[in-house]
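Reading the structure
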Amino acid sequence: MTISVIDSHTGGEPTRAVIDSELTPPEPGALAARDFLSREHDWLRRALILEPRGFEAIVGAYLCKPTDQTCVTGVVFFNNVSYLNGCLHGTIGVVAILAHTGEISVGVHRIETPSGVVTATLAADGSVTVNNVPSYRFRESQEVEVPGHGLVTGDIAWGGNWFFLIQDQGPEVCFSEIEALTHFTSAVGQALTEQGITGADGELIDHIETFGSPNEGVDADSQNFVLCPGRAYDRSPCGTGTSAKLACLAASGKLAEGELWKQASIIGTVFECQFLNLPEEGMITPIISGKAHITGKSTFVLDPEDPFKFGISP
């Protein structure tokens, strides 16, 4: 069996899009495709993302037929441990890949994800602006007791995934502290789970995000470190995490509708962001701009005799 992919990175965070495989979901739609993969063909995720073909930071993108015919494609995102509700760096990567293959051109394109339809505008310079799904702050100043770190306070917000957002606590947000930041945010995530602190309807908070002032030479309003499911840190500023941040800023009155916010990642790459208010109280449409670059095309071979054809896993 062979699987063809195109790789890209958005602000340093890789996306691996499946462009040719033998799998076809029996029903259209991103949700149906996610169920189809997770229940019957999870080997695809493991084969593409786990070693020896992948590594923990890669996010996979499986393109599928959408239910909404105004959408150019549906997409399911997945990482080294699970399937994601949404992924904006991945969406930007998918747009760049579709432009590279000639399937889309400059203009506005709708993309169906498991968390809803997002609108992506491809500009002539290759940059992509995504209008994300409605986002909101669920709970402000939630306290959690974290072993080894004491009491940590953060906001719980939805930006297409569930986030716990921490400001100016824990290790300094800089590249040299990645190991300490990983330990800290992992401990926070574990404490949230053990203490039953969740998003709406009891949903797992699976992304932990901590913020600090921009490092020297970084042109941004804030710099973050985002721990994703599977203990991989986001090399980009994290589109869904930045959406959650914008929802918190809007709810606190610290950022006005249409006002520019520059969010930097732990490696110094930047997304330019703003938001629009929605009629529902506390709800916003985050608008995230970034750029992806194509890094390679591959055809992977799944040799039946290879003991790690579906990746190295416990």
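Here we summarise the structure given alongside this text. (Residues numbered from 1 in each chain as written. Predicted model: local features only at pLDDT ≥ 70, side-chain atom pairs only at ≥ 80, totals over all residues. Heavy atoms only, no water.)

**Observations concerning the packing of aromatic side chains**
- Inspection of the entire model under this criterion finds six aromatic pairs.
- Judged by centre distance (5.7 Å) and plane angle (70 degrees), the rings of F138 and W162 are edge-to-face. With F138 in strand β9 (residues 136–146) and W162 in strand β11 (residues 162–167), the pair connects residues that are 24 residues apart, well separated along the chain.
- Counting every residue linked through ring pairs, the aromatic cluster contains Y136, F138, W158 and W162.
- The ring of F211 carries the charged tip of K245 above its face, separated from the ring centre by 4.2 Å.
- Its end group placed over the ring of F310, K309 keeps NZ or CZ at 5.2 Å from the ring centre. (Phe/Tyr/Trp six-rings, centres within 6.5 Å; stacked < 30°, edge-to-face > 60°. Helix = DSSP H or I, 4+ residues; strand = E, 2+ residues; numbered from the N terminus. Lys NZ or Arg CZ within 6 Å of the ring centre and 35° of its normal.)

**Digging into the pattern of salt bridges**
- Applying the stated rule across the entire model yields seven salt bridges.
- Measuring nitrogen to oxygen at the nearest pair gives 3.4 Å for the salt bridge that ties D155 to R137. With D155 in strand β10 (residues 150–158) and R137 in strand β9, the pair connects residues that are 18 residues apart, well separated along the chain. Each member of the pair, D155 as well as R137, carries the same accessibility label: buried. (Salt bridge = Lys/Arg side-chain N within 4 Å of Asp/Glu carboxyl O. Buried < 20%, exposed > 50% of the residue type's maximum accessible area, 1.4 Å probe, protein only.)

**Focus on helix α2 (residues 42–49)**
- Of all eight residues making up α2, seven are buried, and the element is well covered by its neighbours.
- For α2, every residue scored as buried is listed here: D42, W43, L44, R45, A47, L48 and I49.

**A short note on helix α4 (residues 178–194)**
- Along its 17 residues, α4 runs 24 Å from first to last C-alpha, staying within 8% of the 24 Å computed at 1.5 Å per residue.
- Taken residue by residue, α4 has I178, L181, T182, F184, T185, S186, A187, V188, G189, A191 and L192 as its buried positions.
- Taken together, the buried residues of α4 touch β9, β10, β11, β12 (207–212) and β13 (222–227).
- Of the residues one or two after α4, G196 is the one with positive phi, at around 70 degrees. (Expected span 1.5 Å × (residues − 1). Contact = heavy atoms within 4.5 Å.)

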